Amino acid sequence: RYYLIAVTPLDRDADFSWEEFIRRNNDELADVLGNFVHRTLVFTHRFFNKQIPRAGEMTEEDRIILESVRSTKDEVETSLERQEFHRAIRSVIELAAVGNRYLNEKEPWKAIKDEPEKAAPTLYVSSQIVKALAILLEPFLPFTSERIWGFLNLPKSVHEQEWDEAERELPPGHAINRPKPLFKKIESKM
């Protein structure tokens, strides 16, 4: 489903390629989206007693990253209204990529054992992105969205949520469930 949405513009035919299918699954779904969600929630679950940490002292960079949730929601909404589904899904995956780069730059795994208060803002911000991804992915990957929603231990179903829920932040102290990997890589035997 993801592959077909990502490669099929409405104004022309798309060519199916097994190599491209495998690449998009492995690079975009497993390495970008799945990796970001899993790392964020595993660190939060393990080092913050299964709870969303207090943001504490946030930097300007933290605030800019958090603002990317709103701007991505607006981009996806506009693309959906224009029926540009491939652009919409690219915006969502780019938000996960922003989250991955942010985690890599902040390196919370270095501070988390000795100075968890330095890792808390990073994991707070990253958790907000994960929640937004659950909402923004829902039109494209409904089962994946529901799994993320379940990891976050949020009420009802993701399918019952309003679009603006993407911008509502998870409160500090909110308990999450143990995450599991979202995607498996496909081994190419070609």
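Details of the structure are given in the entry above.
Notes on the structure follow. Note that the structure is predicted; figures quoted are calculated from it, not measured. (Residues numbered from 1 in each chain as written. Predicted model: local features only at pLDDT ≥ 70, side-chain atom pairs only at ≥ 80, totals over all residues. Heavy atoms only, no water.)

### Topic: the packing of aromatic side chains
Thinking step 1. A complete count under the given rule lists two aromatic pairs for this structure.
Thinking step 2. Their ring planes at 40° and their centres at 6.4 Å tell us that Phe43 and Phe47 sit as a pair that is tilted. Of the two residues, Phe43 and Phe47 are both situated in helix H2 (residues 18–47); the distance of four residues between them amounts to about one turn of the helix.
Thinking step 3. Using a relative accessible area of 16% as the deciding quantity, one classes Phe43 as buried.
Thinking step 4. Taken together, the ring pairs in this structure connect Phe43, Phe47 and Trp109 into an aromatic cluster. (Phe/Tyr/Trp six-rings, centres within 6.5 Å; stacked < 30°, edge-to-face > 60°. Helix = DSSP H or I, 4+ residues; strand = E, 2+ residues; numbered from the N terminus. Buried < 20%, exposed > 50% of the residue type's maximum accessible area, 1.4 Å probe, protein only.)

### Digging into the nonpolar core
Thinking step 1. Counting 56 residues, the largest nonpolar core has Leu33, Val37 and Leu133 as its most contacted members.
Thinking step 2. With 13 residues, helix H6 (residues 116–137) is the largest single contributor of residues to this core. (Core = buried A, V, L, I, M, F, W, Y, C linked by side-chain atoms within 4.5 Å.)

### A short note on unusual backbone geometry
Thinking step 1. Backbone geometry at Asn49 places phi at a positive 55°, although glycine is not the residue there.
Thinking step 2. Mapped onto the elements of the fold, Asn49 is located in the loop between H2 and helix H3 (60–81).

### Some remarks on H3
Thinking step 1. For H3, with 22 residues, the first-to-last C-alpha span of 32 Å sits near the 32 Å given by 1.5 Å per residue.
Thinking step 2. Turning to H3, its buried residues number three or more, namely Asp62, Ile65, Leu66, Ser68, Val69, Thr72, Lys73, Val76 and Ser79.
Thinking step 3. The inward-facing, buried residues of H3 contact helix H4 (85–106) and H6.
Thinking step 4. Among the residues trailing H3, Gln83 stands out with phi positive, at a value near 60°. (Expected span 1.5 Å × (residues − 1). Contact = heavy atoms within 4.5 Å.)

### Focus: the packing of H6 against helix H7 (residues 142–151)
Thinking step 1. Axis separation between H6 and H7 bottoms out at 8 Å; the angle between their running directions is 150°. When the axes of H6 and H7 are compared, the pair comes out roughly antiparallel. As H6 packs across H7, the resulting crossing turns out to be left-handed. Taking contact as the criterion, the partners of Val130, Lys131, Leu133, Ala134, Ile135 and Leu137 in H6 are, on H7, Pro142, Ser145, Ile148 and Trp149.
Thinking step 2. Here the contact of H6 with H7 is composed, by residue class, of eight nonpolar, one polar and one charged. (Axes fitted to C-alpha atoms, helices over the stretch in contact; angles between N-to-C directions. Parallel < 35°, antiparallel > 145°, perpendicular 65-115°, else oblique. Left-handed = near helix turned anticlockwise from the far one by under 90°. Nonpolar A, V, L, I, M, F, W, Y, C, P; charged D, E, K, R; others polar.)

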